[in-house]
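# Observations on the three-dimensional arrangement
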Amino acid sequence: MEKFEVLKSTVVPLTVQDVDTDQIIPARFLKATTRAGFGENLFRDWRYDQNGNPKADSVLNSNSYAGSILLAGENFGCGSSREHAAWALVDFGFKAVISSYFADIFKGNALNNGLLPVQVSPDFLEKLFEQVKFDSKTEFIVDLKNQFVSISGTTISEFFDINPYKKMCLLNGYDDIDFLLSKKAEIEAFEKQHIEF
């Protein structure tokens, strides 16, 4: 995974609440076993009509919005536990999702795949949506090290919480296996001191 330290980007605002994983990546596209290619079908039924034509009213098809941050409504990632939802978001190009609430399983899957779920207060989320509505080119800053999300060029910011282990993994670009491999020398030294053959 890529290291995640500070992300500065414009955002794609998705005001819908209670977005479930079947909306993020419909079940009919869960045929692959590798992570590549899922971004093509991210929010498929919201982005395309039955004939495969882009829907003009989809924020993800709009020329007004782009960026590597998805600004989402409350309760993002509810529904089934499919990890493919995180895969699709990452493959599409998102590096962070900001919401006022995430389903626990989605949050875990996101963190395991290098996607940072930033949970903020409902009031702060509303401020972020208002700013993007006012200026679609507004950049947000997600500072993982200091655990703050802010609107670039302003004093508007809020602290967000994250599991310390997952924070360390994201800062170093580790998945769980990478973390264990980073401790290889220490594990081997411990074995030499404590295991008799």
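Before reading further, recall that the structure is shown in the block above.
What comes next concerns the included structure.

### Some words on helix H6 (residues 164–172)
Listing the buried residues of H6 in full gives Lys-166, Lys-167, Cys-169 and Leu-170. The buried residues of H6 occupy an angular sector of 165 degrees when the element is viewed end-on, so they sit on one face. Just past H6, the residue Gly-173 takes up positive phi, approximately 75 degrees.

### Quick word on the packing of aromatic side chains
As enumerated under the stated definition, the model contains 7 aromatic pairs in all. Between Phe-43 and Trp-46 the ring centres are 5.2 Å apart and the planes differ by 10 degrees, which places this aromatic pair in the stacked class. Residue class for Trp-46 comes out partly exposed when judged on its relative accessible area of 26%. Judged by centre distance (5.8 Å) and plane angle (80 degrees), the rings of Phe-148 and Phe-159 are edge-to-face.

### Concerning the sheet that holds strand E1 (residues 6–9)
Read across the sheet, 4 strands follow the order E1-E6-E7-E8 without closing on themselves; strand pairing throughout is antiparallel. The strands lining the two open edges of the sheet, one partner per strand, are E1 and strand E8 (157–159). Going across the sheet, the axis of each strand differs from the next one's by a mean of 10 degrees, ignoring polarity. The pairing of E1 with strand E6 (residues 140–143) spans 4 bridges and is classified as antiparallel. In the sheet register, Leu-7 faces E6, and the bridge partner there is Val-142. Relative to the sheet, helix H5 (residues 122–134) contacts E6, strand E7 (148–151) and E8, its axis offset from that of E7 by approximately 35 degrees.

### Digging into the sheet that holds strand E3 (residues 69–72)
With parallel pairing, the 4 strands of this open sheet are ordered in space as E2-E3-E4-E5. Both outer strands of the open sheet, strand E2 (11–14) and strand E5 (116–119), are each paired with one neighbouring strand and no more. When strand polarity is set aside, the average angle formed by the axes of neighbouring strands in this sheet is 20 degrees. Direction of pairing for strand E4 (residues 96–99) relative to E5: parallel, over a ladder of 4 bridges. Opposite Val-97, over in E5, you have Pro-117 as the bridge partner.

Rules of the game
- Residues numbered from 1 in each chain as written.
- Predicted model: local features only at pLDDT ≥ 70, side-chain atom pairs only at ≥ 80, totals over all residues.
- Heavy atoms only, no water.
- Buried < 20%, exposed > 50% of the residue type's maximum accessible area, 1.4 Å probe, protein only.
- Helix = DSSP H or I, 4+ residues; strand = E, 2+ residues; numbered from the N terminus.
- Arc of directions from axis to C-beta.
- Phe/Tyr/Trp six-rings, centres within 6.5 Å; stacked < 30°, edge-to-face > 60°.
- Pairing = 2+ DSSP bridges.
- Axes fitted to C-alpha atoms, helices over the stretch in contact; angles between N-to-C directions.
- Contact = heavy atoms within 4.5 Å.

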